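# Observations on the three-dimensional arrangement
Residues per chain, in single letters:
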Amino acid sequence: MTEFARDTVNSDTDHRRAPPVLHWLPAVFLLGAVAIGAGAALVSPGSREFPTGQDVVTGKWMMAYEKNLDAKVPWRDPSVKLWGGLTYHLFGEAREGAVVGTDGWLYTTEEFQAAAEDTVEIAVKVEYIRQVRDKLAKDGAHLVVALVPAKTRIYPEHLGHLLVPAVKSNVYENFRQRLEAAGVPAPDLFRAMQAEKGEGARSLFLRTDTHWTPYGAAVAARTLAPAVKALRPDLPPTAYHESAGAPVARRGDLLRYVPVPEGVGPAPDTVREPEYTRTDEGGSGLLGDVTLAVTLVGTSYSAETKDNVWHFGAALAQALGTEVLNAAQEGKGPIVPMREYLSSQDRRDNPPQIVVWEIPERFLRISYPKE
């Protein structure tokens, strides 16, 4: 298996070298695009449409003109996709924000970034998690952390020549052990996912997306359940039936960094979205009829949205045999949703016995504004 982190780059003999002529291709393409684009822009309808009511001195007139021209030039999108296809196939590159592995796998650049300040930031997060644990404990609730390992950590075999900084090799386990030492249960999702991982239907992460698959979410839920039950909460019992939907193509969020013509770049992932149906007599009850013992807080790995096909909250409810209140949020990272939950009406109306906090490893080095 490919190592997760390496300090040195392999010898050039291990990789195919691009023909010398390809080193000139970007400049040739750019000059050609500029020449053709200038001519096309002059004859496009947008070049003759001038904005009104905009201040010339402050630059608002020019900004409005450029925006209108950009929207009206018909060759813009095809040229962007053409260049995206060339850079993807000839150089194995994507736009800033993603990196290209092998076999159609894409990874977020967040998992390759490292800085001297990371150690301090990670220590700050450990301390904040301690504070959250203490705040919940005052109300009689326990905290369990679902530390989601990086995609590069689970699937290093698709990295190809990509290198993850060696300094990141022990980040997951060190952080998890610090939480355990602080009295915060943090089950080893990395080891559990390593034991269950595969390809196709058993893939734990999507090839073209930053997120895990429904199968990966279910593996995590099953791993967390014993740690939650070990805290001996009083879980109102429920029962669920899981069924798999028809396989559908899903274009992952990392494909936005590979703007190529249809059918040219990495193929979309195939996902079978699970459906969890409550089968006990309480299935039709309202939330206010019973107090839920478990609350899930986290990121887009957990949030309930129209684009969330992982259903981690439902998988956790099935694994625990109890209904779960989902307070996860999309697009805010792991810290902000917890801050908002701690002062929320949801917490006051439904005081939890257990809070499961889903935290992806790739967010550990990212700082957040103080409260």
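Small disclaimer: the values here were computed from a predicted structure and weren't measured.

## With respect to the confidence of the model for the protein
For the protein, mean pLDDT is 82; residues scoring 70 or higher make up 72% of the total. Residue range residues 1–18 is modelled with pLDDT below 50. Its contacts to residues more than four positions away, or to other chains, number 28 contacts. Note on residues 79–86: pLDDT is under 50 here. Beyond four places in sequence and across chains, it has 17 contacts.

## Description of the packing of helix α8 (residues 214–229) against helix α9 (residues 312–320)
To describe two helices that pack against each other, one gives the angle between their axes and the distance between the axes. Interaxial distance between α8 and α9 falls to 8 Å at its minimum, and their mutual angle equals 45°. Classified by the angle between their axes, α8 and α9 sit oblique to one another. In the crossing of α8 with α9, the sense of the turn from one axis to the other is right-handed. Every residue of α9 that contacts α8 at Ala217, Ala218, Ala220, Ala221, Arg222, Leu224, Ala225, Val228 and Lys229 is listed here: Phe312, Ala315, Leu316, Ala319 and Leu320. Residues belonging to the contact of α8 with α9 are distributed by class as follows: twelve nonpolar, no polar and two charged.

## A few points about unusual backbone geometry
Unusually for a residue other than glycine, arginine 232 sits at a positive phi of about 55°. Residue placement: arginine 232 occurs in the loop between α8 and β4 (240–250). What makes arginine 232 exposed here is its relative accessible area of 74%. Its identity is not glycine, yet histidine 311 carries a phi of approximately 55°, on the positive side. Within the secondary structure layout, histidine 311 lies in the loop between β6 (294–297) and α9. Accessibility expressed as a relative area gives 24% for histidine 311, which makes it partly exposed.

## What about the pattern of salt bridges?
Under the counting rule described, the total for this entry stands at 18 salt bridges. Residue arginine 362 pairs with glutamate 110 through a salt bridge whose shortest N-O separation is 2.2 Å. Linking arginine 362 in the segment after β8 (354–360) with glutamate 110 in the loop between β2 (106–108) and α4 (118–138), this pair joins segments that are 252 residues apart in sequence. The salt bridge partner of glutamate 173 is arginine 176, with a shortest N-O separation of 3.0 Å. You can see glutamate 173 and its partner arginine 176 sitting in helix α6 (residues 171–181), three residues apart, about one turn around the helix. Counted as one network, the salt bridges with shared partners bring together Glu173, Arg176 and Glu180.

## A closer look at the sheet that holds strand β7 (residues 324–326)
Taken in spatial order, the four strands line up as β3-β8-β6-β7 in an open sheet, and their pairing is parallel. The open sheet terminates on both sides in strands that have one partner only, identified here as β3 (142–148) and β7. Across the sheet, the axes of successive neighbouring strands diverge by a mean angle of 25°, strand direction being ignored. Pairing of β6 with β7 involves three bridges; the strand directions are parallel. Bridging across to β7, leucine 296 finds its partner in asparagine 326. α8 contacts β3 and β8 of the sheet and is inclined by roughly 160° relative to β3.

## What to know about the environment of glycine 216
Following the sequence through the fold, glycine 216 ends up in helix α8. Each C-alpha atom, one on glycine 216 and one on leucine 189, is 9.8 Å from the other, the two residues being 27 residues apart in sequence. Those residues in contact with glycine 216 that lie beyond four places of it in its chain are Met193, Ser203 and Leu204.

## Overview of the nonpolar core
The biggest cluster of nonpolar side chains holds 73 residues, and the ones touching the most others in it are Leu143, Trp212, Met338 and Trp357. Those residues in contact with methionine 338, other than ones at most four positions away along the chain, are Tyr128, Val132, Leu143, Val297, Val355 and Trp357. With seven residues, the next largest nonpolar core counts Ala98, Val100, Leu255 and Val258 among its residues.

## Some remarks on the packing of α4 against helix α10 (residues 335–342)
Close contact between α4 and α10 brings their axes to 12 Å; oriented N to C, the two are set at 20°. In terms of orientation, α4 and α10 fall into the roughly parallel class. Of the two possible hands of crossing, α4 and α10 adopt the one that is left-handed. Seen from α4, the contacting residues are Lys125, Tyr128, Val132, Lys135 and Leu136; seen from α10, they are Ile335, Met338, Arg339 and Leu342.

## Considering the environment of isoleucine 359
Among the secondary structure elements, isoleucine 359 is positioned in strand β8. A sequence separation of 62 residues divides isoleucine 359 from valine 297, and the C-alpha atoms of the two residues are 8.9 Å apart. Not counting chain neighbours up to four residues away, the residues in contact with isoleucine 359 comprise Ile129, Val145, Ala146, Leu147, Val148, Pro334 and Leu364.

## Focus: the packing of aromatic side chains
What the rule picks out here adds up to seven aromatic pairs. Measuring from ring centre to ring centre gives 5.5 Å for tryptophan 212 and tyrosine 301, while their planes differ by 75°; the resulting arrangement is edge-to-face. You can see tryptophan 212 sitting in the loop between α7 (189–196) and α8 and its partner tyrosine 301 sitting in the loop between β6 and α9, a full 89 residues away along the chain. Side by side, tryptophan 212 and tyrosine 301 carry an identical accessibility label, which is buried. Taken together, Trp105, Tyr107, Phe112 and Tyr155 form an aromatic cluster joined through their ring pairs.

## Observations regarding the pairing of β8
The buried fraction of β8 is high, at seven of seven residues. As paired elements, β3 and β8 share seven bridges and run parallel to each other. Residue pairing across strands places valine 148 opposite proline 360, the latter belonging to β8. Sheet topology note: the β6/β8 ladder contains four bridges and is parallel. Directly across from leucine 296, in β8, lies its bridge partner valine 356.

Definitions and cut-offs
- Residues numbered from 1 in each chain as written.
- Predicted model: local features only at pLDDT ≥ 70, side-chain atom pairs only at ≥ 80, totals over all residues.
- Heavy atoms only, no water.
- pLDDT = per-residue confidence, 0-100.
- Contact = heavy atoms within 4.5 Å.
- Axes fitted to C-alpha atoms, helices over the stretch in contact; angles between N-to-C directions.
- Helix = DSSP H or I, 4+ residues; strand = E, 2+ residues; numbered from the N terminus.
- Parallel < 35°, antiparallel > 145°, perpendicular 65-115°, else oblique.
- Left-handed = near helix turned anticlockwise from the far one by under 90°.
- Nonpolar A, V, L, I, M, F, W, Y, C, P; charged D, E, K, R; others polar.
- Buried < 20%, exposed > 50% of the residue type's maximum accessible area, 1.4 Å probe, protein only.
- Salt bridge = Lys/Arg side-chain N within 4 Å of Asp/Glu carboxyl O.
- Pairing = 2+ DSSP bridges.
- Core = buried A, V, L, I, M, F, W, Y, C linked by side-chain atoms within 4.5 Å.
- Phe/Tyr/Trp six-rings, centres within 6.5 Å; stacked < 30°, edge-to-face > 60°.

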